[in-house]
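Architecture and fold: a report
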Amino acid sequence: TERTLAVIKPDTSEELREEILGEIRAAGFTISWQKEMVLSREMAEEFYKQHRDKPFFSQLVDYMCRGPCTMLILSKENAVEDWRKMMGPADPSKAKETAPGSLRARFAKDILENTVHGSSSSQHTQEKIQLVFGEISSE
Ligand code: ATP
Ligand code: MG
């Protein structure tokens, strides 16, 4: 099995979070670890550091710190790719065209407030799990 780090971002209602968690389980993922946390600016900047030079970086950090995130370690065969597929593309208008059943097609507000995050490689998974879950990252 493979692991990925998933985040339900702060724009989601309690009800939508439960819906997404249900869909994650129904898709065959095991939720190995789950916690709610409000990211500090420093953590959000570190989390998305590869986008530091993008014009939307400060908006992205503001958004990620606005309220509690649900942090998840998901386990399953092919978890990284399968969770990215389940999310769909970052831009919901593109998601509606190319992946209409995806979470972002159905639930994202716009390209910034797009509901969910997923690691894009196993190296990213390791880094983000270390950042978010620290002490349990080698389990
Ligand atoms: P994520 O990393 O959150 O899983 P992604 O890998 O699909 O999303 P990235 O290109 O890594 O997309 O962008 C990271 C996040 O930055 C997006 O999820 C979105 O919240 C925000 N973002 C991306 N592009 C833009 C943009 N053009 N304008 C505003 N925000 C953006
Ligand atoms: Mg990304």
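Calculation rules
- Residues numbered from 1 in each chain as written.
- Chains lettered and ligands numbered in written order.
- Predicted model: local features only at pLDDT ≥ 70, side-chain atom pairs only at ≥ 80, totals over all residues.
- Helix = DSSP H or I, 4+ residues; strand = E, 2+ residues; numbered from the N terminus.
- Rg over C-alpha atoms; globule rule 2.2 N^0.38 Å.
- Buried ≥ 20, exposed ≤ 12 C-beta atoms within 10 Å, placed from the backbone.
- Contact = placed C-beta atoms within 7 Å.
- Near = placed C-beta within 6 Å.
- Nonpolar A, V, L, I, M, F, W, Y, C, P; charged D, E, K, R; others polar.

Before going further, it helps to examine the overall build of the protein chain. Within the protein chain, the secondary structure is distributed over 7 helices and 4 strands. Going from the N terminus to the C terminus, the protein chain shows its helices and strands as β-α-β-α-α-β-α-α-α-β-α. At 14 Å, the protein chain has a C-alpha radius of gyration in line with the 14 Å of a compact globule built from 139 residues. C-alpha extents for the protein chain along the principal axes are approximately 35 × 35 × 25 Å. For the protein chain, with 139 residues in total, the buried portion stands at 32%. Long-range contacts, defined here as pairs at least 24 residues apart, represent 66% of the contacts in the protein chain between residues at least 6 apart.

Taken together, His51, Phe56, Leu60, Ala90, Ile111, Leu112, Asn114, His117, Gly118 and Ser120 make up the full set of residues adjacent to ligand 1. The class makeup of the residues in the shell around ligand 1 is 5 nonpolar, 5 polar and no charged.

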